[in-house]
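Chain by chain, the residues:
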Amino acid sequence: MSLFFPPTRKAMRCLSLCSTILLFSAAGFAQTALETNQAPTNAESGYLLNQGAQPRFEASSKMSSDARTAMNQGRIFSVPHFSGAFAWQSKTFPYTLVGRKPQAGGSTLVPTQIIPISLFFEEFVEESGAHVILDPAPILPRVENSPNFRNAQYPTGFTQFADAVQRAQFFHTMAQDWHTVLGKPQMLKPIIIDVPRGAAKVFRNPSTGVVYAVVESSFFISQLNTIIQLADLQVDALSIALTMNVFLAPEADIRHCCVLGFHTSFDSGQAGNIQKVQTFLWASWVDQGIIGTNLADVTPMSHEISEWMNNPFGANLVPAWQVPNVAGGCQNNLETADPLAALPNAGYPVPIDGFVFHPQSQVMMQWFQRQSTSDAMDGIFSFPDQGLMTTPSQACPAR
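Conventions we followed
Residues numbered from 1 in each chain as written. Predicted model: local features only at pLDDT ≥ 70, side-chain atom pairs only at ≥ 80, totals over all residues. Heavy atoms only, no water. Buried < 20%, exposed > 50% of the residue type's maximum accessible area, 1.4 Å probe, protein only. Helix = DSSP H or I, 4+ residues; strand = E, 2+ residues; numbered from the N terminus. Arc of directions from axis to C-beta. Contact = heavy atoms within 4.5 Å. Salt bridge = Lys/Arg side-chain N within 4 Å of Asp/Glu carboxyl O. Axes fitted to C-alpha atoms, helices over the stretch in contact; angles between N-to-C directions. Parallel < 35°, antiparallel > 145°, perpendicular 65-115°, else oblique. Left-handed = near helix turned anticlockwise from the far one by under 90°. Nonpolar A, V, L, I, M, F, W, Y, C, P; charged D, E, K, R; others polar. Expected span 1.5 Å × (residues − 1). Phe/Tyr/Trp six-rings, centres within 6.5 Å; stacked < 30°, edge-to-face > 60°. Lys NZ or Arg CZ within 6 Å of the ring centre and 35° of its normal. Disulfide = S-S within 2.5 Å.

K.L.:
Would you mind going over helix 3 (residues 65-72) with me for this structure?
P.N.:
Residues lying three or four places apart along an α-helix face the same way, a consequence of the helix completing one turn every 3.6 residues. Within helix 3, the full set of buried residues consists of A67, A70 and M71. Buried residues along helix 3 cover an arc of 100° about the axis, so they all sit on one side. Seen from the buried face of helix 3, the exposed residues on the opposite side, beyond 90 degrees, are S65, D66 and N72. Buried residues along helix 3 sit against strand 3 (76-77), strand 18 (259-271) and strand 19 (274-285). G74 sits one or two residues past helix 3 and shows a positive phi near 70°.

Quick look at the structure:
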């Protein structure tokens, strides 16, 4: 999947002239008077899984070679970050993580921005005749109140979810007051994407009334490319694009569904010899029951935030590892949520103010280091659900 490209100067000049709501359409999908609208397809709970859909997530770095050189030389301005390394079979694997070194202690607060993105579907209408719109506005208070931004109790303390994971990972080397937390999200101007005919399939669960859509991947990515170029992103902040019940698949094919989120990084200008690098992620809120019971609400967002915290610039490589329970799946990047994403119980219940959220459990960095014992908290390989992974990663099968 091709993700993002750096903002163009022309697009940056457009910032002050652009509307607060953007409607995108593709000429190739223009509606004619002969075309008719249709209702969402009825799909009972479990429909996507029965069709072969699986939760999928992506990661990609669009940093230029110059930006990567600047990163290696310590000449970038971005989210706060520190570097380290581990060794395996006489080879060194360097890494860069968000925050400050665990041994240094103290708390790092990373600003956060959220772009709420609604999708307007030209082809699909409600019983009333109104076009289907998937709008995240009603769940924004829940997102702000979720474990990604609110504190809850974990074995590593009363804190945000991603910070709790990091503290488990560096439990025996961190200063006790070490934290890496996200600031209260700044809500940027909401965006509406006009989804043309043929670019999506829309479904409704007749039992629950929940509506969701499988959207053509390249179409959605092209719209995000434009949004990124026009949005007022803060380079030292984590910027998040948020949708609701929106899943991606090539040609909107359910059999190849469903990408639920991704994170990336890209060049964002220069100041002297300092290269600016923006980090960014997209995640979709998921109503419960669409893809199982434990993959719900902020599972995708928590997946991407923890992976961003452990691999903000997409440059952290590790010994190639076999994706558990996925035949032929092989990766060599430090993506702490991917090894557990396909498990039916990866979502970890966290109650806050009467609502049970489901952030996704993560593997520890020690899982990638492939030692027989882990030096994380209590010798664990996964967190908060310590039983999901009890052994280190396995090498990919020889080809």
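K.L.:
I keep staring at unusual backbone geometry and nothing clicks. Help me out?
P.N.:
Note: most residues except glycine have negative phi, and most peptide bonds are trans. Geometrically, the link from C257 to C258 is a cis peptide bond, its omega value of 15° lying close to zero. Examined against the element boundaries, C258 turns out to sit in the loop between strand 17 (246-249) and strand 18. Look at the link from F383 to P384: it is a cis peptide, with omega at 0°. As for its position among the elements, P384 is in the segment after strand 25 (382-383). A positive phi angle, close to 55°, is found at E251, a residue other than glycine. As for its placement among the helices and strands, E251 is situated in the loop between strand 17 and strand 18. Phi at D297 is positive, roughly 50°, even though this residue is not glycine. Relative to the helices and strands, D297 is located in the loop between strand 19 and helix 7 (299-310).

K.L.:
Would you mind showing me how to read the environment of F247 here?
P.N.:
Looking at the secondary structure, you find F247 in strand 17. According to the relative accessible area criterion, F247 is buried, its value standing at 0%. Taking C-alpha positions, F247 is 15 Å from H303, a pair spaced 56 residues apart along the chain. Contact partners of F247, with chain neighbours within four places excluded, come to L48, Y212, A213, V214, V215, C257, C258, V259, L260, V286, I290 and I291.

K.L.:
Looking at this structure, how should I read the pattern of salt bridges?
P.N.:
A side chain of one charge can pair with a side chain of the opposite charge when the charged atoms of the two come close. Under the counting rule described, the total for this entry stands at four salt bridges. Among the salt bridges present, the one from R150 reaches D353, with a minimum N-O distance of 3.1 Å. Of this pair, R150 sits in the loop between helix 4 (140-144) and strand 9 (152-154) while D353 sits in the loop between strand 22 (350-352) and strand 23 (355-357), and the two are 203 residues apart along the sequence. In this structure R150 comes out as partly exposed when scored by relative accessible area, which is 30%. Its relative accessible area of 60% is what places D353 among the exposed residues. Across the salt bridge formed by D253 and R255, the nearest N and O atoms sit 2.9 Å from each other. Residue classification places D253 among the buried positions, given a relative accessible area of 16%.

K.L.:
Would you mind going over the packing of helix 5 (residues 161-169) against helix 7 with me for this structure?
P.N.:
The packing of two helices is summarised by the inter-axis angle and the distance between the axes. Direction vectors running N to C along helix 5 and helix 7 enclose 45°, while the axes themselves pass 9 Å from each other. Accordingly, the angle class assigned to the pair helix 5 and helix 7 is oblique. Two packed elements cross with a definite hand, and for helix 5 against helix 7 that hand is right-handed. Counted together, F161, A162, V165, Q166 and Q169 of helix 5 and S302, I305, S306, M309 and N310 of helix 7 form the full contact between these two elements. Tallied by class, residues from the contact of helix 5 with helix 7 come to five nonpolar, five polar and no charged.

K.L.:
Help me understand helix 7, please; the structure alone is not making it clear to me.
P.N.:
Its twelve residues place the ends of helix 7 17 Å apart at the C-alpha level, agreeing with the 16 Å of an ideal helix rising 1.5 Å per residue. Of all twelve residues that make up helix 7, twelve are buried, and the element is covered over most of its length. Every buried residue of helix 7 is listed here: T299, P300, M301, S302, H303, E304, I305, S306, E307, W308, M309 and N310.

K.L.:
Looking at this structure, I do not really get the side chain of Q113. What am I missing?
P.N.:
Here Q113 shows up in strand 7 (residues 112-125). Judged by relative accessible area, which is 2%, Q113 ranks as buried. Not counting chain neighbours up to four residues away, the residues in contact with Q113 comprise Q186, L188, D232, L233, Q234, A237, L238, S239 and I240.

K.L.:
Help me understand the packing of aromatic side chains in this model?
P.N.:
Geometry of an aromatic ring pair is reported as the spacing of the ring centres plus the angle between the planes. Enumeration over the complete set of coordinates arrives at 14 aromatic pairs. Ring centres of F86 and F93 lie 5.4 Å apart, and the angle between their planes is 20°; on these two criteria the pair is classed as stacked. Consider the rings of W321 and W367, whose centres lie 5.3 Å apart with planes at 75°: the pair is edge-to-face. Linking W321 in strand 20 (residues 317-322) with W367 in helix 8 (residues 365-369), this pair joins segments that are 46 residues apart in sequence. By the burial criterion, W321 is buried, and W367 matches it. Members of the aromatic cluster, connected to one another through ring pairs, are Y47, F203, Y212 and F247. R370 extends its terminal NZ or CZ atom over the ring of W88, reaching a point 4.9 Å from the ring centre.

K.L.:
What should I look at first to understand the state of the cysteines in this one?
P.N.:
Should the sulfur atoms of two cysteines be covalently bonded, the bond is a disulfide. For the coordinates displayed, the defined rule picks out two disulfides. What pairs with C257 in a disulfide is C258, and their sulfur atoms sit 1.7 Å apart. Residues C257 and C258 are joined by a disulfide whose S-S torsion is about 100°; by sign, that bridge is right-handed. We note that C257, like C258, is buried. One disulfide in the model links C330 with C396; its S-S distance is 1.8 Å. Across the S-S bond of C330 and C396 the torsion is about 95°, and the bridge reads as right-handed. Residue C330 is found in strand 21 (residues 330-333), and its partner C396 is found in the segment after strand 25; the two are separated by 66 residues along the sequence. Relative accessible area serves as the criterion here: at 35%, C330 is assigned to the partly exposed category.

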